[in-house]
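A closer look at the structure
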Amino acid sequence: MTQLGVVGGGTMGAGIAEIAIRAGDDVLVLERDQAAADAARARIEKSINRAVSKSKISADDAEQALARLTLTTSVSNFADRELVIEALPEIEALKVGFFAELDKITAPTAILATNTSSIPIIRIAKDVADPSRVVGVHFFNPVPVMPLVEIISSLASSPEAIETVTAYARDHLGKKTIQAGDRGGFVVNALLIPYLVDAIRMYESGYASKEDIDTGMVNGCGHPMGPLTLSDTVGLDVVLDVAESLYDEFRQPHYAPPPLLRRMVEAGYLGKKSGKGFYDYSS
């Protein structure tokens, strides 16, 4: 597959588009309007130029990669895509509606993949006429750096679709793939989110300072960063969305988002992307 469509040019969508154009794919990125499309292109160009400055890619290869990138504001242009990867916000109704629209536009042989980090795949596929072509392909942020992709099969996903996207992610994009069942959070987030929200609860209760919590996990457990720094890196809005999705799926208390996390998101303190989270990144 070399004709890739990416729905959404935000952090995740831009990262997926970048690694695909660098791998030689013709990539079409869909955004809601021209301003968002321009911002997505700028995001991808900035990341590729950073790779050039670090000698991870040559200037000529970067130029050729960017020539394979097209931005659009019309979903009808996805009619020729062999694979579409959706990277919309973690809102179930939004994803379900968009997949129903993609179903009418794309060829019956095209694979429709979602980059959801927590929503069961079969829910997203429920309004697709042939749900066997819907799979989960969960990349991690930042996409050009993080090696892992979770491949998620719903009860309806065909083995052929799963094999195809696994080979695409592993052999074409050079990622490490793991297989996950279709339950909220899959493998990584089902384990990670309780750890993050427990760290937030510990800080919220005054039991330990944020610095000591992070320092403890870095120097006591060998983690590359502490849970509060990691939450800021992921985005507190994303942590909240995934925690709510997991709690809705399992109804277990350790998935429930703490009040402090909700208040911070409501205040616009989303972490590194907003300049402020548990730590201040404004400088």
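Everything quoted here is computed from the prediction, not taken from an experiment. Residue indices begin from 1 for each chain and proceed along its sequence in written order. With pLDDT at 70 or above as the cut-off, local features in this predicted model cover only qualifying residues; side-chain atom pairs require 80 or more to be listed or tallied, and sums for whole chains, interfaces and linings still use all residues. Neither water nor hydrogens contribute to the side-chain values; these are computed over all heavy atoms in the structure.

This part is about the domain arrangement of the protein. As annotated, the domain borders come from an automatic or database domain assignment. Here the protein is described as being made up of domain 1 (3-181) and domain 2 (189-273). Between the C-alpha centres of domain 1 and domain 2 there is a distance of 27 Å. Pairs of residues are marked as contacts when any of their non-hydrogen atoms sit within 4.5 Å. Across the contact, eight residues belong to domain 1 and seven residues belong to domain 2. Buried area is calculated as the accessible area (1.4 Å probe) missing from two parts once they are joined, with the contributions of both summed. The contact between domain 1 and domain 2 buries some 610 Å² in all, and 37% of this surface belongs to carbon and sulfur atoms. Of all residues in domain 1, Ser117, Ser118 and Arg123 give up the largest surface area on contact with domain 2, accounting jointly for 53% of the area buried on that side. By definition here, a salt bridge exists when the distance from a side-chain nitrogen of Lys or Arg to a carboxyl oxygen of Asp or Glu is within 4 Å. Counting across the interface, domain 1 meets domain 2 through two salt bridges. Any pair of nitrogen or oxygen atoms within 3.5 Å is treated as a polar contact; in protein, a donor-acceptor pairing is required on top of that, and neighbouring residues in sequence qualify only through side-chain atoms on both sides. Our count for the contact surface shared by domain 1 and domain 2 stands at three residue pairs in polar contact (both at pLDDT 80 or more).

Next up on the list: the pairing of strand β1 (residues 3-7). The classification of residues rests on relative accessible area computed with a 1.4 Å probe and restricted to protein chains. Under 20% of the type maximum is buried, over 50% is exposed, and intermediate values are partly exposed. What counts as a helix is a DSSP run of H or I of at least four residues, what counts as a strand is a run of E of at least two, and both are numbered from the N terminus. Taking burial as the measure, the five residues of β1 include four buried ones, the bulk of the element. In this description, strands pair whenever DSSP reports at least two bridges between them. The pairing of β1 with strand β2 (residues 26-30) spans five bridges and is parallel. If you follow valine 6 over to β2, its bridge partner there is valine 29.

Structurally, aspartate 103 can be placed in helix α4 (residues 92-105). Here arginine 133 takes part through its side chain, which lies 2.8 Å from a polar atom of the side chain of aspartate 103. Among residues more than four places away in sequence, those in contact with aspartate 103 are Leu112, Asp127, Val128, Ala129 and Arg133.

Another point: the packing of aromatic side chains. Aromatic rings from Phe, Tyr and Trp, with only the six-membered ring used for Trp, were paired whenever their centres fell within 6.5 Å, and each pair was classed as stacked if the ring planes differed by under 30 degrees, edge-to-face if by over 60, and tilted otherwise. Enumeration over the complete set of coordinates arrives at two aromatic pairs. Each ring, one from tyrosine 203 and one from phenylalanine 278, has its centre 5.9 Å from the other, and the planes form 75°; the classification is edge-to-face. In this pair, tyrosine 203 sits in helix α7 (residues 188-204) while phenylalanine 278 sits in the segment after α11 (259-266), placing the two residues 75 residues apart along the sequence. On the basis of an interplanar angle of 25° and a centroid distance of 5.2 Å, the ring pair of phenylalanine 250 and tyrosine 255 is categorised as stacked.

Here the focus is the environment of valine 218. When you line up the elements, valine 218 lands in helix α8 (residues 210-221). Residue classification places valine 218 among the partly exposed residues on the basis of a relative accessible area of 30%. Among all residues touching valine 218, those that are not within four sequence positions of it are His223, Pro224, Met225 and Gly226.

A word on the nonpolar core. A general trend in soluble globular proteins is that nonpolar side chains are found buried together. In this structure, Val27 and Phe139 are the most contacted members of the largest nonpolar core, which totals 39 residues. By residue number, the principal contributor to this core is helix α1 (residues 11-22), which donates seven residues. In contact with phenylalanine 139, other than residues within four places in its own chain, are Met12, Ile16, Ile19, Ile85, Asn115, Leu148, Val149 and Leu173. The term nonpolar core refers to a set of buried residues drawn from Ala, Val, Leu, Ile, Met, Phe, Trp, Tyr and Cys, joined through side-chain atoms within 4.5 Å. Core analysis: the second largest hydrophobic core is formed by 20 residues, Phe78, Leu88, Phe98 and Ile119 among them.

Evaluation of the coordinates by the stated rule reveals 17 salt bridges. For arginine 32, the salt bridge is made with glutamate 31, and the minimal N-O distance between the two is 3.7 Å. Taking relative accessible area as the criterion, glutamate 31 reaches 12% and is therefore assigned buried. Arginine 81 serves as the salt-bridge partner of aspartate 80, at 3.0 Å between the closest nitrogen and oxygen. One connected set of salt bridges, linked through shared partners, spans Glu92, Arg123, Asp248, Glu249 and Arg251.

UniProt positions are given in the numbering used here, feature names are shortened, and annotations may be inferred rather than shown by experiment. Mapped onto the present numbering, the UniProt feature "domain: 3-hydroxyacyl-CoA dehydrogenase C-terminal" (unreviewed entry) falls on residues 185-281. Measuring from the first to the last C-alpha atom of residues 185-281 gives 28 Å, for a span that is 62% helix and 0% strand.

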